[in-house]
Amino acid sequence: MMHAEGLVLRFGAVAALDDVAMEIHPGEVLAIVGESGSGKTSLLRVLAGLQPVQAGSVVFDGQEVLSLSDAAKRRLMRTEWGFIHQNARDALRLDISAGGNVGERLMAAGARHYGRIREETAHWLRRVEIDPARMDENPRNFSGGMQQRLQIARTLITRPRLVFMDEPTGGLDVSVQAKLLDLIRGLVAELGLAVVLVTHDIAAARLLAHRIMVMRHGRVVEEGLTDRVLDDPRHAYTQLLVSSVLAA
Amino acid sequence: MTTGYNFAYLDEATKRMIRRALLKAIAVPGHQVPFGAREMPLPYGWGTGGIQVTASVIGSDDRLKVIDQGADDTTNAISIRRFFARVAGVETTESTTEATIIQTRHRIPETPLREDQVLVYQVPMPEPLFKLEPRVRESTKLHALAEYGLMQVKLYEDIAKQGEVATSYNHPVIVDGRYLMSPSPIPAFDNPKMDMNPAIQLFGAGREKRIYAVPPYTRVESLDFEDHPFRPIRAPHACALCRSTESYLDELITDDRGGRRFICSDTDYCAQRQRT
């Protein structure tokens, strides 16, 4: 579905990505883990066409993403793709109602029937466990977890095939994180989404991902099936990463 | 005509610059063209954009009408009319049918316009997206890519919160199926008059330094939802002076005990009907 190779991205002397390759298949969840500054978020932004690189290629459905026009990239981002930000407030429009936020992508895709937009929006609010009665409320009044679920509904409403998630559970308290992970897992399985998930939370990766890529200093140090990587880490850094997870 | 001024106040080079912007605006209907707006002898917000457009298209044989909220006899209308009488020596009129150029603030005349007429709008804010997208760079991109979902979200919010589209004036339109355009703060009631109008419609925003245009016989559609179609709204009364039930009405408070009257906002239209 998407594959990338030879990605090189330097910020001055710092190599954010140093000859990185990846691939993802339909319906697959790929987690990219690593410490802060390892290049995982940079990789996500490159894959999503948000960040130009010095070298390399990203191919989606046979199309080279990096050379697409702005218009084509934005069209992909509205239809085939979704992007879930760590901070829901970066993605939501806080002066527009929850329903307006969720319906925006439908309207951007050309929906012009108010009643049907409302219906579809209410349906998606239910799916992310937000009471549709709160549809006309301002998301500013929502809790952090609700805002994040709202962002998910807003992204998934146009049924993208590939979703980029940047630390979707970051900054939430532990019980909210657990619920959110559960919700994401359910939706991903049900909709058959392909997901590229960036996280530093090994537990989240274990719960959601089929495959894991471990990054350090802009390089992929280890890659494999989730259980294999986490239960039998080969690279010294992965071993350190796995052993530093606190047992509850 | 008072000497000491070039014909129609602006110098010829400036007029030529504005005409170039106008030609471009007509070639790309609804698209905002930047221009170098000049300091005019009246404050921003009083019609500096409209005056510069009028000054650039007016000729010595033109007959000018100026309306402010439909009225020929308000301060703004009278001063602009006098201004052009003085600096261009042109004839002025209050009659819509006799005018060749009509400069307007916030109304389109009730009397249908003709092919040989030019309607010049004074525009306070040319960018229809400015309340939704404060970054000019981003809104320019939205226009370039014709991504107007955001405007639809605004209408959605109106219906969700108030049960109907609440923009009673400055209701956004799509010109020739392409560009989203602010019709300037005309009442939504006037929006349908822009569609397929035989006259040339020119828009000048002095402070924001933008010009845009709708050529004759161009499609102008008001944004709406299929199940909440656009409705031009007028007060459900007859004009107290001419009894018209079709014209756009102003509400006048007549005393401090709740007394009020509705009269036509288009003074020329109303006066004509009273005569016949």
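The coordinates are above.
Help me get a handle on the overall build of chain B, residues and values and all.
A tally of regular secondary structure across chain B gives 7 helices and 12 strands. A compact globule built from 276 residues should have a C-alpha radius of gyration of about 19 Å, and chain B, at 19 Å, falls within 12% of that. When each of the 276 residues of chain B is scored for burial, the buried share is 54%. Within chain B, residue pairs in contact and separated by at least 24 positions form 60% of the contacts whose partners lie at least 6 positions apart. Total accessible area computed for chain B in this model is approximately 12,600 Å², and 51% of it derives from carbon and sulfur atoms. Each charge sign in chain B was given a centre, from 34 positive and 36 negative side chains, and these centres are 4 Å apart.

Can you lay out the overall build of chain A for me, pointing to particular residues and giving the numbers?
Looking only at helices and strands, chain A features 10 helices and 10 strands. Its C-alpha atoms give chain A a radius of gyration of 18 Å, within 12% of the compact-globule value 18 Å for 248 residues. Dimensions of chain A, computed from the C-alpha atoms along their principal axes, are close to 55 × 45 × 30 Å. Counting across all 248 residues of chain A, residues that qualify as buried make up 53%. Within chain A, counting contacts between residues at least 6 apart in sequence, those at least 24 apart form 67% of the total. A total accessible area of about 10,800 Å² is found for chain A, and carbon and sulfur atoms account for 50% of it. Across chain A, 29 positive and 30 negative side-chain charges occur, with their mean positions spaced 5 Å apart.

Describe the environment of A:Leu47, and please don't skip the residues or the numbers.
All names here are of chain A. With respect to the helices and strands, the residue Leu47 is situated in helix 1 (residues 40–47). Exposure remark for Leu47: the relative accessible area of 0% places this residue in the buried category. For the pair Leu47 and Arg105, spaced 58 residues apart in the sequence, the C-alpha separation amounts to 21 Å. Not counting residues within four places of it along the chain, the set of residues in contact with Leu47 comprises Met2, Ala4, Leu7, Met22, Val58, Val65, Trp81, Phe164 and Val196.

Would you mind going over the packing of helix 1 (residues 12–27) of chain B against helix 2 (residues 48–57) of chain B in detail, with residue names and values included?
Residues and elements named next belong to chain B. The N-to-C vectors of helix 1 and helix 2 enclose an angle of 100 degrees; their axes lie 9 Å apart at closest approach. It follows from the interaxial angle that helix 1 and helix 2 lie roughly perpendicular. Counting all contacts with helix 1, which are made through Lys15, Ile18, Arg19 and Leu22, the residues of helix 2 involved are Gln52, Val53, Ala55, Ser56 and Val57. Across the contact of helix 1 with helix 2, the residue classes tally to 5 nonpolar, 2 polar and 2 charged.

Quick rundown of the packing of helix 4 (residues 98–108) of chain A against helix 5 (residues 149–162) of chain B? Include the residues and the values.
Interaxial distance between helix 4 of chain A and helix 5 of chain B falls to 9 Å at its minimum, and their mutual angle equals 140 degrees. Here helix 4 of chain A lies oblique to helix 5 of chain B, going by the angle between them. Crossing of helix 4 of chain A against helix 5 of chain B: the hand is right-handed. Where helix 4 of chain A abuts helix 5 of chain B, its residues A:Gly99, A:Gly100, A:Glu104, A:Met107 and A:Ala108 lie against B:Gly149, B:Leu150, B:Gln152, B:Val153, B:Tyr156 and B:Glu157. Broken down by class, the residue content of the contact of helix 4 of chain A with helix 5 of chain B amounts to 5 nonpolar, 4 polar and 2 charged.

Could you give an account of the state of the cysteines, with specific residues and numbers?
Residue and element names in this part refer to chain B. Per the counting criterion, the structure on display carries 0 disulfides over all chains. Cys239 carries a free sulfur, and the closest cysteine sulfur to it, the one in Cys264, is 3.6 Å from it. Among the residues examined, Cys239 registers a relative accessible area of 0% and is labelled buried. Between Cys242, a free cysteine, and Cys264, which holds the nearest cysteine sulfur, the sulfur-to-sulfur gap is 3.5 Å.

Tell me about the pattern of salt bridges, and please be specific about residues and values.
Summed over all chains, the structure comprises 37 salt bridges over all chains. One salt bridge in this structure joins A:Arg78 and B:Glu147, with 2.7 Å as the shortest N-O distance. Taken as a pair, A:Arg78 in helix 2 (residues 70–78) and B:Glu147 in the loop between helix 4 (136–144) and helix 5 lie in two separate chains rather than in one. Using a relative accessible area of 15% as the deciding quantity, one classes B:Glu147 as buried. The partner of A:Arg116 in a salt bridge is B:Glu226, with the nearest N and O atoms 3.6 Å apart. Here B:Glu226 lies in the loop between strand 10 (220–222) and strand 11 (249–253) and A:Arg116 lies in helix 5 (residues 114–127), a pairing that spans two chains.

Give me the lowdown on the sheet that holds strand 5 (residues 63–64) of chain A, citing residues and values where you can.
Residue and element names in this part refer to chain A. Strand order in the open sheet made by the 4 strands is 2-1-4-5, with antiparallel pairing throughout. A single partner strand is all that each edge strand has here, and the edge strands are strand 2 (14–24) and strand 5. Alignment of strand 1 (residues 2–11) against strand 2, held across 8 bridges, turns out to be antiparallel. Counterpart to Phe11 in the pairing with strand 2 is Val14.

About the cut-offs
- Residues numbered from 1 in each chain as written.
- Chains lettered and ligands numbered in written order.
- Predicted model: local features only at pLDDT ≥ 70, side-chain atom pairs only at ≥ 80, totals over all residues.
- Heavy atoms only, no water.
- Helix = DSSP H or I, 4+ residues; strand = E, 2+ residues; numbered from the N terminus.
- Rg over C-alpha atoms; globule rule 2.2 N^0.38 Å.
- Buried < 20%, exposed > 50% of the residue type's maximum accessible area, 1.4 Å probe, protein only.
- Contact = heavy atoms within 4.5 Å.
- Areas by Shrake-Rupley, 256 points an atom, 1.4 Å probe, with all protein chains shown as cover.
- Lys, Arg positive; Asp, Glu negative; His and termini not counted.
- Charge placed at Lys NZ, Arg CZ, Asp CG, Glu CD.
- Axes fitted to C-alpha atoms, helices over the stretch in contact; angles between N-to-C directions.
- Parallel < 35°, antiparallel > 145°, perpendicular 65-115°, else oblique.
- Nonpolar A, V, L, I, M, F, W, Y, C, P; charged D, E, K, R; others polar.
- Left-handed = near helix turned anticlockwise from the far one by under 90°.
- Disulfide = S-S within 2.5 Å.
- Salt bridge = Lys/Arg side-chain N within 4 Å of Asp/Glu carboxyl O.
- Pairing = 2+ DSSP bridges.

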